[in-house]
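# Descriptive analysis of the structure
What follows is each chain in one-letter form.
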Amino acid sequence: MAQPPEEWGLTLVRPTAYEYASSTIAPTGNRRALLRWYIQKREGYPVARLKICAASGCEEFALPGQSHCEQHEAERQNKLKVRRAKAQTSEAAIAARVLYADPRWKAARIAYLRQHPLCVDCGELGVIEPATDVDHIIPHKGDRKLFWDRSNWQSLCHSCHSRKTAREVFHG
Ligand SMILES: [Zn+2]
Ligand SMILES: [Zn+2]
């Protein structure tokens, strides 16, 4: 049986068949609910502090401030790392890197910002904010034509641009 951190001074013993049967929680096989009930009954411990790992079937305690145990948290981080690495090596991402590395882009963006020096999004709210980024209104996803189409460009400040990019990444 999984044990809480030593400094909590708790030792858990599996409930007896009698305790299990007389529990107010229907013995539906919900081990998490049973474990919580058991801790509360036996230890009078504030159950809210005891978080059990969110991975299904796992009875380990979650790391403080997190929703998974050490092992499942590590697995989760690994999965995220793989997903991020995949996104960076996708064809679209590689094509985009080539486009941004083009010295013609570097010159064009500076010229564009000089002609359109204010953030468009802030402007819509009546705020005057210097632009720092040239954004592609429709994400180009590595497409050369969309990338170079000036009617698809707009000046944004850094914070408006990060907000838009975050939305695009999230919604694909
Ligand atoms: Zn776990
Ligand atoms: Zn802005």
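Residues numbered from 1 in each chain as written. Chains lettered and ligands numbered in written order. Predicted model: local features only at pLDDT ≥ 70, side-chain atom pairs only at ≥ 80, totals over all residues.

Moving on, we come to the overall build of the protein chain. The secondary structure content of the protein chain amounts to 8 helices and 2 strands. If you list the helices and strands of the protein chain from N to C, you get α-α-α-α-α-α-β-α-β-α. Counting across all 172 residues of the protein chain, residues that qualify as buried make up 9%. Put simply, of all contacts in the protein chain between residues at least 6 apart along the chain, 37% involve residues at least 24 apart. (Helix = DSSP H or I, 4+ residues; strand = E, 2+ residues; numbered from the N terminus. Buried ≥ 20, exposed ≤ 12 C-beta atoms within 10 Å, placed from the backbone. Contact = placed C-beta atoms within 7 Å.)

Bringing the nonpolar core into the picture now. Counting 5 residues, the largest nonpolar core consists of Cys 119, Ala 131, Leu 156, Cys 157 and Cys 160. Not counting residues within four places of it along the chain, the set of residues in contact with Cys 119 comprises Glu 129, Ala 131, Ser 155, Leu 156, Cys 157 and Cys 160. (Core = buried A, V, L, I, M, F, W, Y, C linked by C-beta atoms within 7 Å.)

Right, let's talk about the environment of Gln 154 for a bit. Position of Gln 154 relative to the elements: it lies in strand β2 (residues 153-156). C-beta crowding within 10 Å serves as the criterion here: with 19 such atoms nearby, Gln 154 is assigned to the partly exposed category. Once the C-alpha coordinates of Gln 154 and Asp 135 are considered, the two residues, 19 residues apart in sequence, prove to be 5.3 Å apart.

Here the focus is the environment of Cys 160. Here Cys 160 shows up in helix α8 (residues 158-171). Assessed through the 24 C-beta atoms surrounding it within 10 Å, Cys 160 is described here as buried. For Cys 160 and Val 120, which are 40 residues apart along the polypeptide, the C-alpha to C-alpha distance reads 9.0 Å. Beyond its immediate stretch of four places on either side in the chain, Cys 160 contacts Cys 119, Asp 121 and Cys 122.

Moving on to unusual backbone geometry. Notably, Lys 141 is not glycine yet its phi reads approximately 45°, a positive angle. Looking at where Lys 141 falls in the secondary structure, it is placed in the loop between β1 (133-136) and α7 (144-148).

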